[in-house]
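Survey of secondary and tertiary structure
Read off the chains here:
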Amino acid sequence: MFGQRWQRFIQTRVWGMNIDPSARIATTALIDRTWPRGVHIAADVIIGEEAVILTHDMTRGLFCDTRIGRGTVIGPRAIVLPGVTIGAGCVVLAGALVNRDIPDGVTVIGNPARPIDETSA
């Protein structure tokens, strides 16, 4: 528990990330430190083990804000690319690659991430 508090202190106070105190982030999750001010994580978000949240792409010289809405769950080993906005109440299932914005309340799966209703049809 102490490690998580220390990690959150460094993320918000030193690097300047915008992370709500109620967000739960696994200690193994990778939150981008190259453009830390581009990280915006709302209240009640859960980020799973080894998930990756990116805010930069060095190959294209991009530095973008990445936003995760209130009550969203990011599954283990999911990847959220730079500049993506995930709406409130979304679920990103394990291993999904989110390369586009996701509206509120949608569950996505796959690479690239697609709404779960499209993949089951």
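Let me sum up the structure you'll find in this document. (Residues numbered from 1 in each chain as written. Predicted model: local features only at pLDDT ≥ 70, side-chain atom pairs only at ≥ 80, totals over all residues. Heavy atoms only, no water.)

**Regarding the side chain of Thr-55**
When you line up the elements, Thr-55 lands in the loop between strand E6 (52-53) and strand E7 (56-57). In this structure Thr-55 comes out as buried when scored by relative accessible area, which is 0%. A distance of 2.9 Å separates a polar side-chain atom of Thr-55 from the backbone oxygen of Trp-35. Apart from residues lying up to four places away in sequence, Thr-55 is in contact with Asp-32, Trp-35, Gly-38, Val-39, Leu-62, Phe-63, Cys-64, Thr-66 and Pro-82. (Helix = DSSP H or I, 4+ residues; strand = E, 2+ residues; numbered from the N terminus. Buried < 20%, exposed > 50% of the residue type's maximum accessible area, 1.4 Å probe, protein only. Polar contact = N/O pair within 3.5 Å; in protein donor to acceptor, adjacent residues only side chain to side chain. Contact = heavy atoms within 4.5 Å.)

**Remarks on the pattern of salt bridges**
Here the structure, examined in full by the defined rule, presents 4 salt bridges. In this structure, Asp-44 and Arg-70 form a salt bridge, with 3.3 Å as the shortest nitrogen-oxygen distance. Here Arg-70 lies in the loop between strand E9 (66-68) and strand E10 (73-74) and Asp-44 lies in the loop between strand E4 (39-41) and strand E5 (46-47), a separation of 26 residues in the sequence. A relative accessible area of 39% means that Asp-44 is categorised as partly exposed. Notably, a salt bridge pairs Glu-50 with Arg-77, separated by 2.6 Å at the nearest N-O pair. Highlighted residues: Glu-50 in the loop between E5 and E6 and Arg-77 in the loop between E10 and strand E11 (79-80), separated in sequence by 27 residues. (Salt bridge = Lys/Arg side-chain N within 4 Å of Asp/Glu carboxyl O.)

**Things to note about the state of the cysteines**
If you walk through the whole model with that rule in mind, you get 0 disulfides. You can see Cys-64 has no disulfide; the closest cysteine sulfur is in Cys-90, sitting 19 Å from it. (Disulfide = S-S within 2.5 Å.)

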